[in-house]
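Now for the letters of each chain:
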Amino acid sequence: MSDKVNLTIDGRKLEAPAGSTILQAAKDANIYIPHLCHNDELKPYGACRLCVVEITHRNRTRIVASCIYEVAEGLEVQTVTERVLNVRKLVIELLLSRNKKSQVLQDIAQKLEVEKSRFELDIKGCILCGMCIRTCKEVVGVNAIGYKSRGFTREVATPFDETPPDCIACGSCAYVCPVDFIQYSEKNGVRTIWNTEFPMQKCTKCGRHIAPVKQLDHFKETLNLPEDHFDICLHCR
Amino acid sequence: MKKLTTPQDFFDYQSEVKKSVDPKKTQIIICAGSGCLAYGTQKLIDGFKAEIEQQNLQDVMDVRASGCHGFCERGPIVLISPGNIFYQKVGLKDAPEIIEKTVLNGETIERLLYKDPQTGEKIIREHDVGFYKKQQRFILGQNSQINPTSINDYLAIGGYGALAKVLSETKPQEVIDEIIEANLRGRGGGGFPAGWKWDSTRKAVGDPKYVICNADEGDPGAYMDRSILEGNPHTVLEGMLIGAYAIGSSEGYIYVRNEYPLAVTNITLAIEQARELGLIGKNIMGTDFSFDIQINRGGGAFVCGESSALFASIEGRAGEPRAKYVHATDRGLYDKPTCLNNVETWANVPLVISKGAKWYQSIGTENSKGTKIFALVGKINNTGLVEVPMGITLREIIFEIGGGIPKGRKFKAVQTGGPSGGCIPEEYLDSPVDFDELTKLGSMMGSGGMIVMDERTCMVDIARYFLQFLEDESCGKCTPCREGVHQMRVILDRICEGNGQEGDIETLEWMGQAIADGSLCALGGSAPAPVLSTIRYFRDEYEAHIKDKKCPAGVCKALITYKIDSETCNGCHLCFKPCPTDAIAGEKKKLHTLDQDKCIQCGACYEVCKFDAVIVE
């Protein structure tokens, strides 16, 4: 079949669909490559650099991010080499310096035999994988949050650090956050996220809070649902 | 202005323009590049014009405000043509005398001539000045021959002739073959063969195809591209037009920093003028070839000089690079085939076409052809822009063209390739300057920054400076660059502050390699170079900081003490005033003392002392 290509990962001969990435091919073959900023539902981004691998193609060896690099005929991939491990170890140490408590990071660090970060701890919590921003844009279709500033001072933020006008309080950003940096709370029929309070809709039958009004409005609008679609909660239906 | 509807029409118009130039008329050429303008050249230009008008001499002489002549150290520069008489550091009050003596009576004015620092000889003609002698100024040299705001000036020196030649007699593929044969390599940093890039873009599937000029020059101390755009914008346009014709592109962009206002003004005007003549737009010179150019002004982020970040910026998104596993020649701007070259590369194109690949190949080394423009800055006598053939040695550039190190100090290192280039020590000064040699030395050609450092430069401090620059300019997308460069800088900070630890050098080396390997784009990929190259060549200086808590160059404040040498101090009192904390005591003609408790190590006394009586330990 012409839409398949042959490659090797760690010496194993594999076949993968053309246009897929090394990370996908490795996953399909149960070969472990650590990664943080990748999610199958999102477009490849290549920012965390944890998933780097060493490839040899057309007599050239180099380090690439497996989450973006597309498979090619005759591609040879090594997922564990000294250079690869050095990059991963550095990355995990650097990320731990931003968030030493995260279990996800600690687990990866353990696999890489990194005990602790040698770098000055400047606890911010967020590791800037961008999953929240990309999920909000690509999956929810809202684009309520983004980056502010650049380089080391970069942060995920709402526009002008103010109440996010487009946020529907769906909480997807918190859901995808690998280090649980983004959090929200619910109290007395109000969901609080991004420093903003969002009133929640009550079930007209049982009185339980279903979801933020803005989130339900967004669903009704994008899915063309009738105005009263969410008046009754799932339990009362 | 009439529109030129055939190549023949163009050639006729060009000879008409050439004929209209009166060869007997003297040209007073005043450098109006950004450097000279900062000296106040505009007043000089106005002054000359007013004087000529007052004396009613318009028929015998003309004033031409030209682009940068390169010798910025000696501005404002005035050139008298014919004769090529070179006057430097010209003031407003010199204008009437230059008109009277030099233009009208053919006498030279001694005090305005350049004095050779070695021989003391006064040099009359530009090409005899040491700074210019070893240069081959095919690109920059045109600057003084034209007024950049006049398309006719450019036409008069043969401008757009290469375009007309190509449109009338050369097939697109033949143009590409010519560029490949000339082995013109990208001047923006990577050194990728331009012809191959053109060829890939031509063969790529997609419509439209874009041609882009990268004028987002942002290296500290570098202003080569700025000077070309300001001084000779039409040559860049002509290069892009030839490229677009060869590639089969109809749309182009010039991405230029908004901090270059004169460049933006001149290139905008140039596009308007070229469009009026029918050299840009639909059916150029009556052929099937149509091409238009838009200007996109950058917001000042260094990373936008990286091609994929530049595309993002043009598309209206934040300037953030993406992985370039798919080449821009296949999917670049708006995911369409895109050919991006830097200003200097485009400026080389008309030269290659008009003089031919064979001629171009005769200049340079085996794999680096033609000339390269460098911004020669730092601790150097002749600061300025130099255009030299590839293969010239660093020593020739620094000591012959650059006139060596000021104040008789010792050369220590030269940094080539911008902030992420490496520092090359004295033992390699005889290395030829070309793409491959500089890479071998742990540095790179880059876009052509060349920063000279003397013995009073601390290599740890300089590495920290460049790293700080790159830390500030990192977009923050990928971890190694965003966090790693920052943490490397933190380590350098502590080394400079006397808190360096055993093992810091090894950590920096390890991090440097991992950051270079793991970063997403070339900014992070090359960011560790200043640190790695200074460790490679000046490891002992790092060790002195860490182990002995000393800064051998006397720069890092926490590691130095200033003292007054009782033997040499003659009590001249010169150091007294500049001291901001009144740490220096003593009467005139008597030995001064320095109160260490008050001293803040600013070095002001050290800089002013004429007798080397202030010593740094």
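Whatever comes next refers back to the structure up there.
In this text, all values refer to a predicted model and were calculated from it rather than measured experimentally. (Residues numbered from 1 in each chain as written. Chains lettered and ligands numbered in written order. Predicted model: local features only at pLDDT ≥ 70, side-chain atom pairs only at ≥ 80, totals over all residues. Heavy atoms only, no water.)

**Observations regarding the overall build of chain B**
Assigned secondary structure in chain B consists of 23 helices and 19 strands. For a compact globule of 617 residues, the expected C-alpha radius of gyration is about 25 Å, and chain B comes in at 26 Å, within 12% of that figure. Once the C-alpha set of chain B is aligned to its principal axes, its extents read approximately 80 × 65 × 40 Å. Sorting the 617 residues of chain B into buried and exposed places 60% on the buried side. Counted over contacts in chain B with a minimum sequence separation of 6, partners at least 24 positions apart contribute 70%. Carbon and sulfur atoms form 48% of the exposed surface of chain B, whose accessible area is close to 23,900 Å². Taken as two groups, the 68 positive and 82 negative side-chain charges of chain B have centres that lie 1 Å from each other. (Helix = DSSP H or I, 4+ residues; strand = E, 2+ residues; numbered from the N terminus. Rg over C-alpha atoms; globule rule 2.2 N^0.38 Å. Buried < 20%, exposed > 50% of the residue type's maximum accessible area, 1.4 Å probe, protein only. Contact = heavy atoms within 4.5 Å. Areas by Shrake-Rupley, 256 points an atom, 1.4 Å probe, with all protein chains shown as cover. Lys, Arg positive; Asp, Glu negative; His and termini not counted. Charge placed at Lys NZ, Arg CZ, Asp CG, Glu CD.)

**Quick notes on the nonpolar core**
Residue and element names in this part refer to chain B. Counting residues in hydrophobic clusters, the biggest one holds 117 residues, and the most contacted among them are Tyr160, Trp198, Leu237 and Ile254. If one sorts the elements of this core by residue count, helix H11 (residues 233-247) sits on top with nine residues. Aside from chain neighbours lying at most four places away, what touches Trp198 is Val175, Ile176, Ile179, Ile242, Gly243, Ala246, Ile247, Cys339, Asn341, Trp346 and Val349. Ranked by size, the runner-up nonpolar core spans 65 residues in total, among them Val485, Tyr542, Cys556 and Cys579. (Core = buried A, V, L, I, M, F, W, Y, C linked by side-chain atoms within 4.5 Å.)

**Concerning the packing of H11(B) against helix H12 (residues 261-277) of chain B**
Residues and elements named next belong to chain B. Running from amino to carboxyl end, H11 crosses H12 at an angle of 60°, the nearest separation of the two axes being 9 Å. The angle between the axes of H11 and H12 places the two elements in the oblique class. By crossing handedness, the relation of H11 to H12 is classed as right-handed. Where H11 approaches H12, its residues Pro233, His234 and Leu237 are matched on the opposing element by Asn266, Ile267, Ala270, Ile271, Gln273 and Ala274. Of the residues that constitute the contact of H11 with H12, the class distribution is six nonpolar, three polar and no charged. (Axes fitted to C-alpha atoms, helices over the stretch in contact; angles between N-to-C directions. Parallel < 35°, antiparallel > 145°, perpendicular 65-115°, else oblique. Left-handed = near helix turned anticlockwise from the far one by under 90°. Nonpolar A, V, L, I, M, F, W, Y, C, P; charged D, E, K, R; others polar.)

**Structural notes on the interface of chain A and chain B**
The interface is formed by 32 residues belonging to chain A together with 29 residues belonging to chain B. Summing the contributions of chain A and of chain B, the shared interface buries around 2,700 Å²; its carbon and sulfur component is 57%. Contact with chain B buries area across many residues of chain A, yet A:Arg49, A:Arg150 and A:Phe152 alone supply 23% of it, more than any other trio. If you look at where chain A meets chain B, you find four salt bridges. Between B:Glu483 and A:Arg98 there is a salt bridge, with the nearest N and O atoms lying 2.4 Å from each other. Where chain A touches chain B, the interface holds 18 residue pairs in polar contact (both at pLDDT 80 or more). (Buried area = accessible area lost by both parts, 1.4 Å probe. Salt bridge = Lys/Arg side-chain N within 4 Å of Asp/Glu carboxyl O. Polar contact = N/O pair within 3.5 Å; in protein donor to acceptor, adjacent residues only side chain to side chain.)

**Here we look at the packing of aromatic side chains**
Residue and element names in this part refer to chain B. In this structure the tally under the stated criterion is 23 aromatic pairs over all chains. With a centroid separation of 5.6 Å and an interplanar angle of 75°, the aromatic rings of Tyr245 and Phe289 are classed as edge-to-face. Of this pair, Tyr245 sits in helix H11 while Phe289 sits in the loop between H12 and strand S9 (292-298), placing them 44 residues apart in sequence. Overall, the relative accessible area of 15% leaves Tyr245 in the buried class. The class for Phe289 is buried, based on a relative accessible area of 9%. (Phe/Tyr/Trp six-rings, centres within 6.5 Å; stacked < 30°, edge-to-face > 60°.)

**Describing the packing of helix H8 (residues 172-182) of chain B against H11(B)**
All names here are of chain B. Contact geometry for H8 and H11: axes closest at 7 Å, N-to-C directions at 120°. As summarised for this structure, H8 and H11 are arranged oblique, according to the angle between their axes. As for the relative orientation of H8 and H11, their crossing is left-handed in sense. Mapping the contact onto sequence places Pro172, Val175 and Ile176 in H8 and Ile242, Tyr245 and Ala246 in H11. For the contact of H8 with H11, a count of residues per class yields six nonpolar, no polar and no charged.

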